[in-house]
Amino acid sequence: MEKCAWTAVDRATVFDFCDGYISYLNAGKTERLCVTITEEMAKNAGFVPLDTVDNLTAGMKVYQVNRAKNIVLAVIGKEPITAGVNLVAAHIDSPRVDLKPNPLYEDSGMAMVKTHYYGGIKKYQWTAIPLSLIGVVVRADGSVVDINIGEEATDPVFTITDLLPHLAVEQMSKKMTEAFTGEDLNALIGSLPSDDDKDKYKDNILTLIREKYGFEEEDFISAELELVPTFPARSLGLDSSMIGAYGQDDRVCAYTALAGILELTNPTRTAVCFLADKEEIGSVGNTGMKSRFFENFLAHLASKCGGYTDLTLREILTNSMCLSADVTAGMDPNYKSVCEPLNSAYMGGGLAICKYTGARGKSSTSDANAEFVAKVRGIFNQNNITWQICELGKVDQGGGGTVAQYIANLDVDTLDVGVPLLSMHAPFEVASKVDVYMAYLGYKAFYLA
C-alpha cells in the first residue's frame, strides 16, 4: 500500500461527514427510499423541480425525478451549457431479493413467499439473517400503499431459512453455485392459522394484509417489494475507522456525489449529479442509465438556457466529461490471491481510479483515454485529493462493469472513480471512512473543474 489517506485529513471531520452517510444508508435501503431522501436533501439545499422554471441562469439549482426510482440534479454554470457539463453518475440500486408477482403460499404449517433475487449475489449469504420488507403495492385503482416492515425495533422481521449442519451432508458436498438455487430462496413470513379449513396459514396472512394495509392478493402482481437486510449501518472496528452496512454498492458513491453538488454555488461549468437505477441488472429499463432520461434532462436544460436543437444536445454531450462513480474491490487480506498487488485498491488508500473495468479482454468497459485520465489525475492533485489507481482483480479472474460504457457511448469522456469495498454485494459491505470522505472531496473538485 503506497498511500495512506488518513495522514492528509482531520479525523474528526472525516468521522462527522460519515455520520451523515450512515444516516443516509439507514434511511435509504431501496432505490425508491434513496430518491425520497435525496429529493428532501436537495430541496433543503435550494434545488427546485426543473419543470417549475422557465429560464435558467448561472447559479440556479434544479432537479428532476424519474418514476420515483432515479433522480438527477444540476447547478447551472457560468459558461454556456454548450460548453458541456461536469457529470458524476452513480447508482442507487443494490443487490437484493424481490418478491415474485404471485409470492404467497403455505407449506408445512407455515406461510411463505417466493422470491427472485436481483443482481449478482452469493445466495447462501442471504439465508438465516433478518430481512425487512420494503416497497410499494399499487392497487387496481392506481392508489399506492407504501410498505416498510422490519426497520423499526418493534417491527417483525422476515428470514430465508437454512439447513442445519446436522442434516447438511449432501448440501455441503455440492459446489457453492449448486448448494443454493434461486428457487430455494423462499422467505418465512408467518405460522398462525386462520379458522378456514383450506390454506389457513396463507389465509391468515391475507387477512392481516387486508386489515392493516388494505390490499388484496391480486395486488401483489402490481407491487415492487424488496427483502433487504434489517441490520443498520454501523461504524466498524475498535477505532471506528470503517463502515459496515448493506447497500454501499453504490450508495457510498451516490451519497458523496450528492453531498458535493449540494454545496455548489457558482460553478464555471454546469454540474450534474445523476443517480441511476437498474445498474445491478445491466442499466436497462426506463430508470436505468441506458434510458433516454439523461439525454432528455440535458435537452430540457438546453431549452431553458437559450434554446434546444438536436445539434445543441450533441454538442453538450461531446463537450462534457463524466466520473462514473462506482465502487471497486478493495484488497482483502483473506483473499489476496485474486488481486494483483501493484494494480489493486487498498482500504484507506483514498479514491480509486479504474481506467477500465470489464472482464477478461476488457469486455463491457469504456477504457478511458489517456488524456482524460491525466486530466482527472491533475484535478485531484491540484485539490490535494488522495487517490490510487486500480483494476478490478487479476486478469481472467473475473470482472464487472459500471454505467461508464453507456455514458461513454454518448461521446462523453468518462472515467470510473469510486470507493474500494470489502465483501462487495454481500448483505454487509465494508468501506473505509477516509475513502468515503476522499470521494466527497474528489467529486466536488470535479464539479468545479
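Please refer to the structure higher up on the page.
Let me sum up the structure you'll find in this document. Just so it is clear, the model here is predicted, and its values are computed rather than measured. (Residues numbered from 1 in each chain as written. Predicted model: local features only at pLDDT ≥ 70, side-chain atom pairs only at ≥ 80, totals over all residues. Heavy atoms only, no water.)

Along the chain, the regular secondary structure elements total eleven helices and 23 strands. For the chain, whose C-alpha radius of gyration is 23 Å, the value lies close to the compact-globule estimate of 22 Å for 449 residues. Counting only C-alpha atoms, the chain reaches 70 × 55 × 45 Å along its principal axes. When burial is assessed residue by residue, the chain has 53% of its 449 residues classed as buried. For the chain, the proportion of contacts with a sequence separation of at least 24, taken over those separated by at least 6, is 76%. Put simply, the chain shows about 19700 Å² of open surface, and 51% of that area lies on carbon and sulfur atoms. Taking the average location of the 39 positive side-chain charges in the chain and that of its 58 negative ones, the two points are 4 Å from each other. (Helix = DSSP H or I, 4+ residues; strand = E, 2+ residues; numbered from the N terminus. Rg over C-alpha atoms; globule rule 2.2 N^0.38 Å. Buried < 20%, exposed > 50% of the residue type's maximum accessible area, 1.4 Å probe, protein only. Contact = heavy atoms within 4.5 Å. Areas by Shrake-Rupley, 256 points an atom, 1.4 Å probe, with all protein chains shown as cover. Lys, Arg positive; Asp, Glu negative; His and termini not counted. Charge placed at Lys NZ, Arg CZ, Asp CG, Glu CD.)

Moving on: the pairing of strand β13 (residues 242-245). Across three bridges, the pairing between strand β12 (residues 234-236) and β13 is antiparallel. Residue pairing across strands places S235 opposite I243, the latter belonging to β13. The hairpin formed by β12 and β13 contains five residues between the paired strands, and G237 there has a positive phi angle of roughly 100°. Bridge count between β13 and strand β23 (residues 429-432): four bridges; the pairing is antiparallel. Residue pairing for β23: G244 is matched across the bridge by V430. (Pairing = 2+ DSSP bridges.)

Moving on, we come to the nonpolar core. Judged by nonpolar contacts, the single largest core of 67 residues is most densely connected at L73, F380 and Y443. Excluding its chain neighbours within four sequence positions, the residues that come into contact with Y443 are V88, C253, T256, A257, L323, A325, L351, V417 and G418. Grouped together as the second largest cluster of nonpolar side chains are 29 residues, V72, A74, V272 and L298 included. (Core = buried A, V, L, I, M, F, W, Y, C linked by side-chain atoms within 4.5 Å.)

With that settled, the discussion passes to a nonpolar patch on the surface. A cluster of nonpolar side chains, contributed by L163, L164 and L167, occupies part of the molecular surface with about 270 Å² of accessible area. Along the chain, L167 falls in the loop between β9 (159-160) and α3 (169-172). (Patch = residues over 30% accessible without salt bridge, like charges linked within 9 Å, V, L, I, M, F, W, Y side chains within 5 Å. Salt bridge = Lys/Arg side-chain N within 4 Å of Asp/Glu carboxyl O.)

Across all of its chains, the model carries twelve aromatic pairs by this definition. A ring pair is formed by W126 and Y246, whose centres lie 6.1 Å apart and whose planes are at 90°; its orientation type is edge-to-face. Here W126 is found in the loop between β6 (110-118) and β7 (131-138), whereas its partner Y246 is found in the loop between β13 and α6 (248-262), with 120 residues between them in sequence. For the pair shown, W126 and Y246 are each scored as buried. (Phe/Tyr/Trp six-rings, centres within 6.5 Å; stacked < 30°, edge-to-face > 60°.)

A separate point is the sheet that holds strand β19 (residues 387-389). Spatially, the nine strands line up as an open sheet ordered β1-β2-β3-β14-β4-β15-β21-β17-β19, and their pairing is mixed. Since the sheet does not close on itself, it has two edges, and those belong to β1 (48-49) and β19, each with one partner. Taken together, the three bridges between strand β17 (residues 351-354) and β19 define a ladder with parallel strand orientation. Residue pairing across strands places L351 opposite W387, the latter belonging to β19.

Where β1 meets strand β2 (residues 61-66), two bridges bridge the pair, whose relative direction is parallel. In the sheet register, P49 faces β2, and the bridge partner there is Y63. As paired strands, β2 and strand β3 (residues 70-75) are joined by six bridges and run antiparallel to one another. Paired with N66 across the two strands is N70, which belongs to β3. Between β2 and β3, which pair antiparallel and follow one another directly, the connecting turn spans three residues, one of which, R67, has a positive phi of 55°.

Take a negative patch on the surface next. Taken together, the side chains of D195, D196, D197 and D199 define an acidic patch exposed on the protein surface. On the secondary structure map, D199 appears in the loop between β10 (187-190) and α5 (200-213).

Moving on to the side chain of S194. One can find S194 in the loop between β10 and α5. Here the side chain of S194 touches D203 through a polar contact of 2.9 Å, side chain to side chain. Sequence-distant contacts of S194, that is, excluding residues within four places in its chain, are made with K200, D203 and N204. (Polar contact = N/O pair within 3.5 Å; in protein donor to acceptor, adjacent residues only side chain to side chain.)

Scanning the model with the defined rule gives 17 salt bridges in all. Residue K29 is joined to E151 by a salt bridge in which the shortest nitrogen-to-oxygen separation is 3.3 Å. Of the two residues, K29 sits in the loop between α1 (11-27) and α2 (31-44) while E151 sits in the loop between β8 (144-149) and β9, which places them 122 residues apart along the sequence. Here K29 falls in the buried class, since its relative accessible area comes to 4%. Residues R96 and E31 are paired through a salt bridge, measuring 3.4 Å at the closest nitrogen-oxygen approach. Linking R96 in strand β5 (residues 96-107) with E31 in helix α2, this pair joins segments that are 65 residues apart in sequence.

Everything listed is a geometric property; what it means functionally is a separate question.
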